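The lines below spell out each chain.
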Amino acid sequence: MVLCAGLAVGLTACGADPDEGTNGVGRLPAREIEGKAREAADAAKAVRLAGTLVNKGGTFKLNMRLKQDGATGSVTTKNNTFELLRVGDALYLKADAGFWMHGSEDGEKPTEADSEAAGKLDDKYVKVPQDDPSYKQLRGFTEMGPLLRGLIGLHGEAVKGDRDQIGGVRTIKVKGGGDGEGGTLDVALEGSPYPLQFARGGGAGLVVLTEWDKDFPLAEPEKNQTLDYGKQMPRA
């Protein structure tokens, strides 16, 4: 009795419930916790996604605010950083002159005309034509539902991990495989069980998800801030 009284402040002391005061998902099996996180993400109207993704095409750093009808934010690749703005189906890209210089044919030295055109496009919004090969690729960075579903899926047997905190919010970890080789998902134990962080398996990147359901304004850029590229967009 004395020992229990002395340890009562501990989270796990003498049978204390680590899920007391939480939304209760920590008591569920691992796969159900993942399911609750997916349901919460699917029902959300907006989110901020920031982090790094590694794939065969290279490394991408994302900082995007996403919602169902559009998005705004930035993408950084090995050679460039550019901004994306999507309002409905209208997709705009804004980058510095260096980005547009990379739009020259591979291996060819930019001409004087290329340099002049790049200077005019510097820090201007360029509307990406929907029939351009880059449209689908670039739009993929702005699609809230598909992007989330593609990023936060666990592979392998789901296993419950430790409790943690992300951004001051208590979380429960769910791992794909015992060592997290199929990814590790942190799910909020406070409020809605939103996914707050996902570490992709094999060191393929980590994304942090914040500002769930916080709306933000979206508007197409002013006409004096928009220019036409005039040819096929460079591949990002």
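Here the structure is shown first, and the text comes after it.
What you see is a predicted model; the values in this text were computed from it and never measured.

**A closer look at the overall build of the protein**
For step 1, the next point in the chain: Scanning the protein from terminus to terminus reveals six helices and 12 strands.
For step 2, the next point in the chain: Scored against the burial criterion, the 236 residues of the protein give a buried share of 41%.
For step 3, the next point in the chain: Taking all contacts inside the protein whose residues are at least 6 apart in sequence as the whole, residues at least 24 apart take part in 54%.
For step 4, the next point in the chain: Of the accessible surface of the protein, which amounts to about 12,900 Å², a share of 50% is contributed by carbon and sulfur atoms.

**A short note on the sheet that holds strand β9 (residues 184–188)**
For step 1, the next point in the chain: Taken in spatial order, the 12 strands line up as β7-β8-β9-β10-β11-β1-β2-β3-β4-β5-β6-β12 in an open sheet, and their pairing is mixed. Every other strand in the sheet has two partners, leaving β7 (158–166) and β12 (226–227) as the edge strands with one partner each.
For step 2, the next point in the chain: Of the strand pairs in this sheet, strand β1 (residues 46–55) and strand β11 (residues 205–210) are connected by six bridges, and their pairing is antiparallel. Each bridged residue has a counterpart across the sheet, and for G51 the counterpart in β11 is V207.
For step 3, the next point in the chain: Along the sheet face, helix α2 (residues 30–43) touches β7, β8 (169–176), β9 and β10 (195–199) and points at about 55° away from the line of β7.
For step 4, the next point in the chain: The sheet contacts of helix α6 (residues 144–151) involve β1, β2 (58–67), β10 and β11, and relative to β1 the element is tilted by about 50°.

**What about empty space enclosed by the protein?**
For step 1, the next point in the chain: This model, assessed by the stated rule, comprises two cavities of 30 Å³ or more.
For step 2, the next point in the chain: The computed volume of the second largest cavity comes to approximately 30 Å³.
For step 3, the next point in the chain: Taken together, R38, A41, D42, L148, R149 and I152 make up the full set of residues lining the second largest cavity.
For step 4, the next point in the chain: For the lining of the second largest cavity, the element with the most residues is α2, which contributes three residues.
For step 5, the next point in the chain: When grouped by side-chain class, the residues that make up the lining of the second largest cavity number three nonpolar, no polar and three charged.

**A short note on the nonpolar core**
For step 1, the next point in the chain: L49, L84, L93, W100 and W212 are the most contacted members of the largest nonpolar core, which totals 52 residues.
For step 2, the next point in the chain: In terms of residue count, the dominant contributor to this core is α2 (five residues).

**Quick notes on the packing of aromatic side chains**
For step 1, the next point in the chain: This structure, assessed with the given rule, holds five aromatic pairs.
For step 2, the next point in the chain: Between F82 and F99, the aromatic rings sit 5.5 Å apart at their centres with planes inclined by 50°, giving tilted as the arrangement. Residue F82 is found in strand β4 (residues 81–87), and its partner F99 is found in helix α3 (residues 97–101); the two are separated by 17 residues along the sequence. F99 carries the same exposure label as F82, and that label is buried.
For step 3, the next point in the chain: These aromatic residues form a ring-pair network of at least three members: F82, F99 and W100.
For step 4, the next point in the chain: A cation over a ring is seen here: K67 above F216, with NZ or CZ 4.9 Å from the ring centre.

The rules behind the values
Residues numbered from 1 in each chain as written. Predicted model: local features only at pLDDT ≥ 70, side-chain atom pairs only at ≥ 80, totals over all residues. Heavy atoms only, no water. Helix = DSSP H or I, 4+ residues; strand = E, 2+ residues; numbered from the N terminus. Buried < 20%, exposed > 50% of the residue type's maximum accessible area, 1.4 Å probe, protein only. Contact = heavy atoms within 4.5 Å. Areas by Shrake-Rupley, 256 points an atom, 1.4 Å probe, with all protein chains shown as cover. Pairing = 2+ DSSP bridges. Axes fitted to C-alpha atoms, helices over the stretch in contact; angles between N-to-C directions. 1 Å grid on protein atoms, 1.4 Å probe; cavity = no way out; pocket = protein on both sides within 12 Å on 5 of 7 lines; lining within 4 Å. Points joined across faces, edges and corners; volume = space filled by probe spheres on them. Nonpolar A, V, L, I, M, F, W, Y, C, P; charged D, E, K, R; others polar. Core = buried A, V, L, I, M, F, W, Y, C linked by side-chain atoms within 4.5 Å. Phe/Tyr/Trp six-rings, centres within 6.5 Å; stacked < 30°, edge-to-face > 60°. Lys NZ or Arg CZ within 6 Å of the ring centre and 35° of its normal.

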